[in-house]
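Descriptive structure summary
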Amino acid sequence: MIKKSLVSIIIPTKNTGTFLDACLKSMRDQTYKNIEIIIVDGNSTDNTLPIAKKYHAKVFQYDPKIAKGKMDAPYRRNYGVKKAKGKYVWYADADFKPAKKFIENAVSLCEKGFDAIIYPFDTVGTGMWTMAKQLERRCYFGDDTVESPRFFRKSTWIAVGGLDESLGGGGDDWDLYQKLLDKGYKVGRIKTVVQHLEGNIKIEKLFKKAFMYGQDALKYIKKRPAKAVQSYFPIRPGYIKNWKLFLQRPKDTVALIIVRIVEYLGGALGIIYSLIKRVQNN
């Protein structure tokens with residue numbers, strides 16, 4: 001039998017006990033067993049660390065020392081990869097629940113010559129706003145303007161320098177994808193779904209998240225102007241391609257329109273806030 005290569009799963013955490021047990025259980029239930037789970041924690045005060053210990057995860061405490069309200073996930077993911085021993089690395093989130101053959105299928109495609117893998121997310125939870133986000137997410141299946149790879153050969157990750165920590169807010173994912181394409185790496189897709197366990201999303205949480213992302217949006221726009229137009233444009237190709245979904249789910253469609261308005265408002269205010277801070281600092 002061919003020895004299966006080690007896969008390192010990088011999961012940033014901070015008080016993520018609500019979903020972490022389901023996440024780590026799904027990792028241990030994978031058909032592909034040669035994995036290591038690396039938790040990069042931000043001094044959690046809930047049950048995050050006991051859950052990590054329960055599943056024998058390797059836990060590292062890491063404080064990137066950045067301003068409050070800024071995205072620290074890119075820093076934690078890069079740090080986690082530095083600690084990884086696997087041939088492959090997958091940066092996941094504490095609220096992910098992959099299908100049982102996810103890692104097996106991702107590794108299989110990499111072994112055929114691919115350097116990084118894109119896969120679909122599907123939002124899972126309850127409530128009006130969560131269903132709206134689910135509808136949105138399902139429109140993005142196969143949409144290169146939104147989806148980005150998160151499963152890599154570690155050697156490829158190192159060669160392109162990992163995530164640009166200064167971007168944050170989604171721009172780091174998109175930028176990494178572009179770096180792969182710029183350098184001629186081969187990016188593949190699998191259809192194996194990873195569930196994103198959202199719970200009952202609140203509209204104010206979506207606004208705050210968009211505001212935080214907006215503070216870093218100009219950095220990505222400056223670095224990747226052409227790609228940024230595609231990524232931030234309100235009318236995305238996935239909406240047009242999946243127009244039947246909107247007809248099938250009219251209530252969720254109305255809710256999604258409201259969500260997108262709130263998110264774009266939050267993002268715009270985040271951009272304005274970042275410009276004011278820049279002026280003050282100068």
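Here is a short report on the structure shown in this document. From a predicted model like this one, the values you see are computed outputs, not experimental measurements.

Definitions and limits used
Residues numbered from 1 in each chain as written. Predicted model: local features only at pLDDT ≥ 70, side-chain atom pairs only at ≥ 80, totals over all residues. Heavy atoms only, no water. Helix = DSSP H or I, 4+ residues; strand = E, 2+ residues; numbered from the N terminus. Rg over C-alpha atoms; globule rule 2.2 N^0.38 Å. Buried < 20%, exposed > 50% of the residue type's maximum accessible area, 1.4 Å probe, protein only. Contact = heavy atoms within 4.5 Å. Lys, Arg positive; Asp, Glu negative; His and termini not counted. Charge placed at Lys NZ, Arg CZ, Asp CG, Glu CD. Core = buried A, V, L, I, M, F, W, Y, C linked by side-chain atoms within 4.5 Å. Pairing = 2+ DSSP bridges. Axes fitted to C-alpha atoms, helices over the stretch in contact; angles between N-to-C directions. Disulfide = S-S within 2.5 Å. Salt bridge = Lys/Arg side-chain N within 4 Å of Asp/Glu carboxyl O. Right-handed = clockwise from strand over helix to strand, strands pointing away. Phe/Tyr/Trp six-rings, centres within 6.5 Å; stacked < 30°, edge-to-face > 60°. Patch = residues over 30% accessible without salt bridge, like charges linked within 9 Å, V, L, I, M, F, W, Y side chains within 5 Å. Areas by Shrake-Rupley, 256 points an atom, 1.4 Å probe, with all protein chains shown as cover. Parallel < 35°, antiparallel > 145°, perpendicular 65-115°, else oblique. Left-handed = near helix turned anticlockwise from the far one by under 90°. Nonpolar A, V, L, I, M, F, W, Y, C, P; charged D, E, K, R; others polar.

1. Considerations on the overall build of the protein chain
Assigned secondary structure in the protein chain consists of twelve helices and ten strands. The C-alpha radius of gyration of the protein chain comes to 19 Å, within 12% of the 19 Å expected for a compact globule of 282 residues. In terms of its C-alpha atoms, the protein chain occupies a principal-axis envelope of roughly 55 × 50 × 40 Å. Counting across all 282 residues of the protein chain, residues that qualify as buried make up 52%. A separation threshold of at least 6 residues defines the contact pool for the protein chain, and within that pool the share at least 24 residues apart is 79%. The average position of the 50 basic charges and that of the 28 acidic charges among the side chains of the protein chain differ by 2 Å.

2. Observations concerning the nonpolar core
One finds Ile9, Ile11, Trp90 and Phe151 to be the most contacted residues of the largest nonpolar core, which totals 33 residues. Broken down by element, the residue count for this core peaks at six residues, all from helix 4 (residues 102-110). Those residues within four positions of Phe151 in sequence are excluded, and the remaining contacts are Val7, Tyr88, Val89, Trp90, Phe102, Ala106, Val107, Cys110, Asp115, Ala116 and Ile117. Membership of the second largest hydrophobic core comes to 15 residues, among which are Val40, Tyr91, Ala116 and Phe152.

3. Comments concerning the sheet that holds strand 3 (residues 58-61)
Read across the open sheet, the seven strands follow the order 3-2-1-4-8-6-9; overall the sheet is mixed. Taken across any chain shown, the strands that pair with only one partner, and hence form the sheet edges, are strand 3 and strand 9 (187-189). Strand after strand, the sheet turns through a mean of 25° between neighbouring axes, direction not considered. Bridging between strand 6 (residues 116-118) and strand 8 (residues 151-153) involves two bridges; their strand directions are antiparallel.

4. As for the state of the cysteines
Per the counting criterion, the structure on display carries zero disulfides. For the unlinked cysteine Cys110, the closest cysteine sulfur is that of Cys23, found at 19 Å.

5. A look at the pattern of salt bridges
Under the criterion given, the structure shown has 24 salt bridges. The residue Glu263 makes a salt bridge to Lys133 at a minimum N-O spacing of 2.9 Å. Of this pair, Glu263 sits in helix 12 (residues 250-281) while Lys133 sits in helix 5 (residues 128-139), placing them 130 residues apart in sequence. For the residue pair Glu263 and Lys133, the accessibility class agrees, reading buried in each case. Each of Lys133, Glu136, Arg236, Arg260 and Glu263 takes part in a single network of salt bridges with overlapping partners.

6. Details of the pairing of strand 1 (residues 7-13)
For strand 1, the buried fraction is high: seven of the seven residues fall into the buried class. Of the two faces of strand 1, the one carrying Val7, Ile9, Ile11 and Thr13 and the one carrying Ser8, Ile10 and Pro12 are both buried. Examined bridge by bridge, strand 1 and strand 2 (residues 35-41) share seven bridges and lie parallel to one another. If you follow Pro12 over to strand 2, its bridge partner there is Val40. Following the chain from strand 1 across helix 1 (residues 17-28) to the adjacent parallel strand 2, one finds a crossover that is right-handed. As judged from the four bridges shared by strand 1 and strand 4 (residues 88-91), these two strands associate in the parallel manner.

7. Concerning the packing of aromatic side chains
Applying the stated criterion across every chain, the model contains 18 aromatic pairs. Between the aromatic rings of Phe96 and Phe121, the centroid separation amounts to 5.0 Å while the plane-to-plane angle is 55°, which identifies the pairing as tilted. Highlighted residues: Phe96 in strand 5 (residues 96-98) and Phe121 in strand 7 (residues 121-126), separated in sequence by 25 residues. Assigned by exposure class, Phe96 and Phe121 land together as buried.

8. Regarding a nonpolar patch on the surface
Residues Leu265, Leu269, Ile272 and Ile276 make up a contiguous nonpolar surface patch of roughly 340 Å² in combined accessible area. Structurally, Ile272 is set in helix 12. Overall, Ile272 belongs to the partly exposed group, its relative accessible area being 44%.

9. Quick notes on the packing of helix 8 (residues 203-223) against helix 12
Where helix 8 meets helix 12, the axes come as close as 6 Å, and the angle between the chain directions of the two elements is 40°. As the angle between them shows, helix 8 and helix 12 are arranged oblique. Helix 8 and helix 12 meet at a crossing whose hand is right-handed. Here the residues of the contact of helix 8 with helix 12 are counted per class, giving 14 nonpolar, six polar and two charged.

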